[in-house]
Amino acid sequence: RWLSAGSRKTLKENPLTKLLPTLLAALLSSFSPSPVESQSLPANSRCQPPPDKVVALAALLSFADFPKLEDILAVACIESNYKPRARNGVSNGIMQVNRGPFDLVLNMQSGVSLLRSYYLLLGSEKAAVIAYNAGPTNYKRGRFKNLYWNKYLEVRDGYTEKAPVSKTVGVATT
């Protein structure tokens, strides 16, 4: 979950990053979920229901393989219970990115980017989720417990078993 100084600088200097919050804000302000979408994301036993804005943003940032909408929502639930201003030590925002921005869009972008990077680097959803929590080095050295993975499965499966969330169309970003 560490966002290096170079990554933060690149993220801040990217012209798309400067434009994206404005575009997403405009899109999200006009977003009103259909009754089917609202019913497809029930409150999970561990979390409050995700705000519509968070669901819309997660759908935009999701990938076809990993992280999907329900994966992003599960991590956000575990990390902050969908609170964009959450803080725990050096971890900030809805996705609890270390030294990450409090801005909802940038924080979710950073968190999803890390999940995706770990997935591509380590080769599995389980490895990516555990590395998101423990760090990729600790994962590779076996310094982790399955507690976070088990919480993640419980939360994610709470969404996927109650509704076909995985069929929600997301935008693959690079």
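Below you will find a few notes about this structure. (Residues numbered from 1 in each chain as written. Predicted model: local features only at pLDDT ≥ 70, side-chain atom pairs only at ≥ 80, totals over all residues. Heavy atoms only, no water.)

**Some remarks on the packing of helix α4 (residues 52-61) against helix α6 (residues 104-122)**
Okay, so step 1: Contact geometry for α4 and α6: axes closest at 11 Å, N-to-C directions at 45°. Comparing their axes, α6 and α4 come out oblique. α6 is crossed by α4, and the crossing has right-handed handedness. On α6, the residues touching K53, V54, L57, A58 and L61 of α4 are L104, V105, M108, Q109 and V112.
Okay, so step 2: Residue classes in the contact of α4 with α6 are distributed as eight nonpolar, one polar and one charged. (Axes fitted to C-alpha atoms, helices over the stretch in contact; angles between N-to-C directions. Helix = DSSP H or I, 4+ residues; strand = E, 2+ residues; numbered from the N terminus. Parallel < 35°, antiparallel > 145°, perpendicular 65-115°, else oblique. Left-handed = near helix turned anticlockwise from the far one by under 90°. Contact = heavy atoms within 4.5 Å. Nonpolar A, V, L, I, M, F, W, Y, C, P; charged D, E, K, R; others polar.)

**Quick word on the state of the cysteines**
Okay, so step 1: The full count for this structure, using the stated rule, is one disulfide.
Okay, so step 2: Two residues, C47 and C77, share a disulfide whose sulfurs are 1.2 Å apart. On the sign convention where negative is left-handed, the bridge of C47 and C77, at about 60° about the S-S bond, is right-handed. In this pair, C47 is assigned in the loop between α3 (35-40) and α4 and C77 in helix α5 (residues 69-80), connecting sequence segments 30 residues apart. Just as C47 is buried, C77 falls in that class too. (Disulfide = S-S within 2.5 Å. Buried < 20%, exposed > 50% of the residue type's maximum accessible area, 1.4 Å probe, protein only.)

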